[in-house]
Amino acid sequence: MNSGETVMSATSMTVAEGTIDWERPDRGRVAMLSLIAAEAAIFTIFVVAYVFYLGKSLTGPMPKDVLSVPIVYTICLLSSSLTIHFAAKSLRRGSVLSFGVLWLATITLGAAFLYGTGTEWYRLIYQEGFTISTNLFGTTYYSLVGLHAFHVVVGLLTLTTVMVFTMTGSVGSEHAERIDVLSLYWHFVDVVWVVVFTVVYVIGR
Amino acid sequence: MRSRGPSNRLVGVSQLVVLIGGAGTAFADTAQTWSPTNIFAPASTPAKSIFGLSLFILAVTGAIFLVVFSLLLYSVVRFRKRKNDDGREPPQVYGSNQVELAWTIIPILIVVALFMATARVIAVVQRTSPPGNAIAVTAIGHQFWWEYRYPDLGVVTANELHLPVSDPAYPTPTFIQLLSADTDHSFWVPRLGGKTDLIPNHPNAMWMDPQETGVYLGQCAQYCGTQHAKMLLRVYVQSKDDFDSWIRQQRQPAFVNEAVSEGQQLFETTACINCHTVSGTVANGRFGPDLTHLMSRDTIAAGAASNTPENLRLWIRNPNAIKPGSLMPAMQLSEQQLNAVTAYLETLR
Amino acid sequence: MSTDALALPRTELASRPVVSRLHDWVTTVDHKRLGILYIIYALVFLLIAGVEAMIIRIQLIRPHNDFVSPQVFNRLFTMHGTTMIFFVVMPVLFGFANYLIPLMIGARDMAFPRLNAFSFWMTAFGGLLLYFSLLGANGLYGAGNAPDVGWFAYAPLTSQTFSVGHSTDFWILALLISGFGSIGTAVNIIATALCMRCPGMTLAKMPLFVWLNLIMAGLVILAVSPLTAAQIMLLVDRYLGGHFFDTQAGGSAVIWMHFFWVFGHPEVYVLVLPAFAFASEIIPVFSRKPIFGYSVMVGATVAIGFISMSVWAHHMFTVGMSSAANNFFVISTMAIAVPTGIKIFNWLATMWGGKIEFKTPMLFCIAFLFQFLIAGLTGIMQGAAPFDWHLGSSYFVVAHFHYVIVGGILFCLFGAFYYWFPKMSGKMYSETLGKLHFWIFIIGFHLTFDFMHIPGLLGMPRRIYTYEPGRGWDTWNFIVTIGVFFQAAGILVFLGNLIWSYFRGKAAGSDPWDAWTLEWSTNSPPPAYNFAAIPIVKSRRPLWDLKHPADPDWKYE
């Protein structure tokens, strides 16, 4: 028993002889995946609310009365997943120039999507008079699509920050792992859009 | 030597069941003396059904408790470190698959048994369609009072629910539809049944067939705001004849008495009629309780005070004195006006 | 022996100004310091919420009491519940997790130290925001009011119609903000446990403490998010004219309940799994045996984690769900009793055949076993829906969950405080005061929470500021209130012990309990870098292997 014995410095705890092969997952990746899980749970609740309230509005426009399917902007957003994928691959190969170009393309496509959402909302609010307080459909629609758009905004901010660093020459192939982790977030945003698009514009209409 | 054949065993088991049932009933009889809202003193089929289930569950969990508690107590006493301990570590045991299997399988079996007993009672109590001779009541929860409507009998009243007693041989249950005018409430009269919530935009239903006459108490069981605590329930279970005469009396329009015309005039020209109904007069507000037969009730303010002239007068003068946070405003009447209105209300039998 | 983060000579330490030392603490990213910050923060709020409870119980000591008004009472129980769950129990558990996980896995810090600091300050700010409502909100009854909607804030009571002013908004925002902190901590715990283990420590060799906190973190990720979503929806209703829970517009009050309890039920497992973690470390050491059934304990906890996501509507049995739905939730609720029971049996088997030492940490953990058994059984009773049609929303429920949280979680927490206090402070606490705390507190606990079941069985609902005489509730409420004073005294003895021992306690040494996990190989308190060299381990009990080279664990595991 060694209770009461004071140890002046932490003893070396080598129980096994020699070195061992020791693999652990990358913590950035694990953290991002955990964050994505949390965000997925939040979106799930908003989707559940949307689906639950379909057909339950007491008044006001129904989805098929006012919604128009945003095919072009959806294609923009989903293509941005492709561009970011190839951007990450370029960086891993070391070609910072093609990384920068593809990265910029990603940002542009994402911004185009936001622009599309903006014009769509402008039309709904000012021409159709359809707002978040119009009826249950309005509340759930703007909340769900808005939450997604907010996540696109956050994504674009981080992507733009990386763009700035790229243009000042601070980004190199040693950052490939971090870029991969960041792309995970962007892919998640796209997957959420696929779900939202299906629920709102395909099933719900 | 008596044979221990299966028939003898069955007799033994059924004797045990009768014994437990008898003990349960005897328990129920004494239980109601401890408290008028004792869940172990059921007086209606849903409550009795739940009572039976609760005894079964208490027996099973009680047995589990005794077994595990004894084992814990034993281990703490038997395996304590003695004063004359030799300082060696005890045998380091890491686990045992057989033991793990045993204490996984047995709890699963217990869970299955408990679930089956529970499912049966759910089926009994959650009936959706009332029999033909059921009395229909609509209960509407308000902050902080109960509105009762008997749609088939043309009666509207508040706070004190009257039901006919039900003969177990020829049951005459009451089916209550539960609605809410504002926020969530819950109807809980323990001796008559479990609680069911009153939720706006979510109609619920419950039923009861009280088998003894008397007054049954309860109160709102879902936090609904400041005076949730004084949203009390009084259910008067009456013989068929008494119930019928109560219905007849409640269907009358309000008594008119010349002697209190000053008070009635005051009532009808002040804000009172915005909230209250007195049938046969211009007062037809729905926000507060129907006052047509106010004097037929034992209490006012949903049970917060007994229905005496002093309390009534105090209530009108300053509701916050009886039920602070109640939604009835103080009417700012003079003493003389108060006397007149109280006198008028006192005639609403 | 170093007592500070920097290995400076003593004379220089003593002369550093207070401001500079405070600055170190405020800007720290060291998991040990953040752990201590979380713990101290939680203790402060424990005192505040404890006083709230005392006032509640004084009001209920007799019928028709007028110690406080109904308005104040309703704020008190709202604040007591919200504070205890979000600003006492969660922070203190996160504090212990932060402090111990890196040490137990042989790492120098958590995976993301700055995220760690951010999470703490978010949680801290949330708590301050909640209490700022006393000054900043204007409710219907005057300026400055705490929220009074209950900790679960059912709709439509929380709509602008019924909750005028801003007190409800402080509730929403405080929880939203501290929710982000909780998710940050959870992400950190997951990344640390999965990615920072020292060589040789496979997941199968990780201490149960780390496993249980890992699963807890997974539950936080999946459960706090629905609450975040629901609160955003409530804000949309209150400020953007939304109708999520607006029954007048066809909205559903019940869907708030579903969303809240999808959070609320896993939340109680978030609270209890770390308590199980404490018990799983303390009981083996004071029984002088390894934990019985390590893999089964891990498996049972994973099962609890999964099943806990499927039981939520057992909080809604009275709401009027279909019998099919009721049956489903009966089954899932009763099912979760199986892995939970397995854990109790494994702790029992750990003690069985051991040599139990009744030091203060072990006293609290033994009491936990008895009390958690009872709490679990009253949980089964409520899991049977028809029985719950009586028991739900009554004082039986209040007794049940306090039995779990106080009798289970708080007792394990006390055990943890005494067990790891020597490690964190370098000093030994007074065993006499520890035992005094135990006995005073346990008497108070049982006076209050055993007898609290009875008014529930006699028809007393929750959340009432007063009650009628003649219902048979008076005597029981009186006894319940008396117990509270014993508990308060116990807590004062506890705090006194901690403070006195911190300054005057005997030096504890690195391993006062002759324990077996890696944190006991460091100094007490550990240096900022934790380990001079990252350890390599071969079994679940690395120090056992060191102390028993002829008989190491890795030969038998």
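Residues numbered from 1 in each chain as written. Chains lettered and ligands numbered in written order. Predicted model: local features only at pLDDT ≥ 70, side-chain atom pairs only at ≥ 80, totals over all residues. Heavy atoms only, no water.

### Some details on the overall build of chain C
Across its full length, chain C carries 17 helices and 2 strands. Whereas a compact globule of 557 residues would reach a radius of gyration of roughly 24 Å, chain C reaches 23 Å, a difference of no more than 12%. Principal axes of the C-alpha set define a box for chain C whose edges measure 70 × 55 × 40 Å. Per-residue burial over chain C gives 70% buried out of 557 residues. (Helix = DSSP H or I, 4+ residues; strand = E, 2+ residues; numbered from the N terminus. Rg over C-alpha atoms; globule rule 2.2 N^0.38 Å. Buried < 20%, exposed > 50% of the residue type's maximum accessible area, 1.4 Å probe, protein only.)

### A word on the overall build of chain A
Scanning chain A from terminus to terminus reveals 6 helices and 0 strands. Helices and strands in chain A line up, N terminus first, as α-α-α-α-α-α. For 205 residues, the compact-globule estimate of 2.2 N^0.38 gives 17 Å, and chain A exceeds it by more than 25% at 23 Å. Oriented by its inertia axes, the alpha-carbon framework of chain A measures out at about 75 × 50 × 25 Å. Residues classed as buried in chain A amount to 46% of the 205 residues present. Long-range contacts, defined as pairs at least 24 residues apart, comprise 82% of the intrachain contacts of chain A with a sequence gap of at least 6. Of the roughly 10,100 Å² of accessible surface on chain A, 65% is carried by carbon and sulfur atoms. (Contact = heavy atoms within 4.5 Å. Areas by Shrake-Rupley, 256 points an atom, 1.4 Å probe, with all protein chains shown as cover.)

### Focus on the pattern of salt bridges
All names here are of chain A. One pass over the full model with this rule turns up 24 salt bridges over all chains. A salt bridge links Asp180 to Arg92, with the nearest nitrogen and oxygen atoms 2.5 Å apart. Taken as a pair, Asp180 in helix H6 (residues 176-203) and Arg92 in helix H3 (residues 71-93) lie far apart in primary sequence, 88 residues in all. We classify Arg92 as partly exposed; its relative accessible area is 47%. (Salt bridge = Lys/Arg side-chain N within 4 Å of Asp/Glu carboxyl O.)

### Points about the sheet that holds strand E4 (residues 160-164) of chain B
Note: strands within a sheet are paired through backbone hydrogen bonds, in either parallel or antiparallel orientation. Residues and elements named next belong to chain B. The mixed open sheet is built from 3 strands, whose spatial order is E4-E10-E9. The outermost strands of the open sheet, each flanked by one partner alone, are E4 and strand E9 (214-219). If you compare each strand with its neighbour and ignore which way they point, the axes differ by 25° on average. As judged from the 6 bridges shared by E9 and strand E10 (residues 232-238), these two strands associate in the antiparallel manner. Its bridge partner lying in E10, Gly214 is registered against Val237. Where helix H4 (residues 240-251) meets the sheet, it contacts E4 and E10, and its direction lies at approximately 135° from that of E4. (Pairing = 2+ DSSP bridges. Axes fitted to C-alpha atoms, helices over the stretch in contact; angles between N-to-C directions.)

### Quick notes on a positive patch on the surface
Side chains of Arg78(B), Arg80(B), Arg82(B) and Lys83(B) sit close together on the surface and give a patch of like positive charge. Tracing the backbone shows Arg82(B) in the loop between helix H2 (45-78) and helix H3 (97-125). (Patch = residues over 30% accessible without salt bridge, like charges linked within 9 Å, V, L, I, M, F, W, Y side chains within 5 Å. Lys, Arg positive; Asp, Glu negative; His and termini not counted. Charge placed at Lys NZ, Arg CZ, Asp CG, Glu CD.)

### Re the side chain of Asn38(B)
Within the secondary structure, Asn38(B) is located in the loop between helix H1 (6-34) and H2. Filtering out sequence-adjacent residues up to four positions away, Asn38(B) remains in contact with Ala31(B), Pro190(B), Arg191(B), Leu457(C) and Leu458(C).

### As for the confidence of the model for chain C
All names here are of chain C. Averaged over every residue, the pLDDT of chain C is 95; the share at 70 or more is 96%. When the criterion is pLDDT under 50, residues 1-10 qualifies, and its contacts beyond four places in sequence or with other chains add up to 12 contacts. If you check the scores for this complex, the pTM reads 0.94 and the ipTM reads 0.94. (pLDDT = per-residue confidence, 0-100.)

### Focus on the nonpolar core
By size, the foremost hydrophobic cluster in this structure holds 291 residues, and its most contacted members are Trp103(A), Tyr141(A), Phe96(C), Trp256(C), Phe278(C), Trp347(C) and Trp420(C). In terms of residue count, the dominant contributor to this core is helix H8 (residues 253-287) of chain C (23 residues). Leave out the neighbours within four places in its chain, and Trp347(C) touches Phe276(C), Ala279(C), Ser280(C), Ile283(C), Ile291(C), Met297(C), Phe368(C) and Leu369(C). Counting 29 residues, the second largest nonpolar core, distinct from the first, contains Ala43(B), Phe144(B), Val155(B) and Phe243(B). (Core = buried A, V, L, I, M, F, W, Y, C linked by side-chain atoms within 4.5 Å.)

### Describing helix H7 (residues 208-239) of chain C
Residues and elements named next belong to chain C. Taking 1.5 Å as the rise per residue, H7 with 32 residues should run 46 Å; its terminal C-alpha atoms sit 45 Å apart, in good agreement. Remark: the principal bend of H7, roughly 25°, maps to Val220. In terms of residue burial, H7 counts as a mostly covered element, since 27 of its 32 residues are buried. Positive phi appears at Gly241, one or two residues downstream of H7, with a value of about 70°. (Expected span 1.5 Å × (residues − 1). Bend = angle between axes of the 7 residues up to and from the residue.)

### Considering unusual backbone geometry
A cis amide bond, omega 10°, links Gln143(B) with the succeeding residue Phe144(B). In this fold, Phe144(B) is placed in the loop between strand E1 (135-142) and strand E2 (145-150). Residue Pro156(C) is bonded to the preceding Ala155(C) through a cis peptide linkage, with omega at -10°. Assignment of secondary structure puts Pro156(C) in the loop between strand E2 (142-143) and helix H6 (167-195). Of note, the phi angle at Asn201(B) is positive, near 65°, even though the residue is not glycine. Mapped onto the secondary structure, Asn201(B) falls in the loop between strand E7 (196-198) and strand E8 (204-208). Take Asn201(B): its relative accessible area is 46%, and that puts it in the partly exposed class. Positive phi, close to 55°, is recorded for Ala301(B), a residue that is not glycine.

### Digging into the environment of Ala105(A)
All names here are of chain A. Inspection of the secondary structure assignment puts Ala105 in helix H4 (residues 96-127). A relative accessible area of 26% places Ala105 in the partly exposed class. Separated by 18 residues in sequence, Ala105 and Ala87 place their C-alpha atoms 9.3 Å apart.

### Here we look at the interface of chain B and chain C
Listed by partner, the interface residues are 84 residues for chain B and 99 residues for chain C. Interface of chain B and chain C: buried area, both sides summed, is about 7,800 Å²; carbon and sulfur atoms make up 68% of it. In this assembly, chain B and chain C are joined by 35 residue pairs in polar contact (both at pLDDT 80 or more). Looking at the side of chain B that touches chain C, the elements that each hand over two or more residues are H2, H3, E7 and E9 of chain B. A per-element tally of the side of chain B that touches chain C places H2(B) first, with 16 residues. (Buried area = accessible area lost by both parts, 1.4 Å probe. Polar contact = N/O pair within 3.5 Å; in protein donor to acceptor, adjacent residues only side chain to side chain.)

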